[in-house]
Amino acid sequence: DGTFEGKVQTKGRVVVGETALVKGDIICENIDLWGKVNGNVFVKDTLALMEGCHVDGNLNIKRLSVELGSTFNGNCRMITEAEYAAVLEANPVFVALFVL
């Protein structure tokens, strides 16, 4: 819950709470969306659009669950695991290592 600006990328599940706003792309395994997203979403498995959520962006997903009362403005495309892997390859994750 809160506001986040930038890209979210994880190998796990993302949960966007009811009062959350994400301004940027999301790349993840699964996502439960109650809040707002302004950006494109890439999901390896399942995107759940919950009642009251609002998405302005394109959905690139394997599976989609939509509750009544959710809002989506954009295109929806079902992708394969190979296409998801290509997205990961095009968006490498940089990890900073600090040695004290």
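Keep in mind that what you see is a predicted model, and the values were worked out from it rather than measured.

A. Quick peek at the sheet that holds strand β12 (residues 63-66). A sheet is described by the order of its strands in space; here four strands give the open sequence β3-β6-β9-β12, paired in parallel fashion. The open sheet has two free edges, formed respectively by β3 (13-16) and β12, since each of these has just one partner strand. This sheet shows a mean twist of 10° between the axes of neighbouring strands, independent of strand direction. Summarising the sheet, β3 and strand β6 (residues 30-33) pair through four bridges and their orientation is parallel. From the neighbouring strand, Val14 faces β6, where its bridge partner is Ile31.

B. Structural detail: the pairing of strand β9 (residues 46-49). Pairing between β6 and β9: three bridges, direction parallel. Across the sheet, residue Asp32 finds its bridge partner in β9, namely Ala48. Pairing of β9 with β12 involves four bridges; the strand directions are parallel. Looking at β12, one finds that Leu47 is bridged to Leu64.

About the thresholds
Residues numbered from 1 in each chain as written. Predicted model: local features only at pLDDT ≥ 70, side-chain atom pairs only at ≥ 80, totals over all residues. Heavy atoms only, no water. Pairing = 2+ DSSP bridges. Helix = DSSP H or I, 4+ residues; strand = E, 2+ residues; numbered from the N terminus. Axes fitted to C-alpha atoms, helices over the stretch in contact; angles between N-to-C directions.

Without other data, these values stay purely geometric and don't point to any function.
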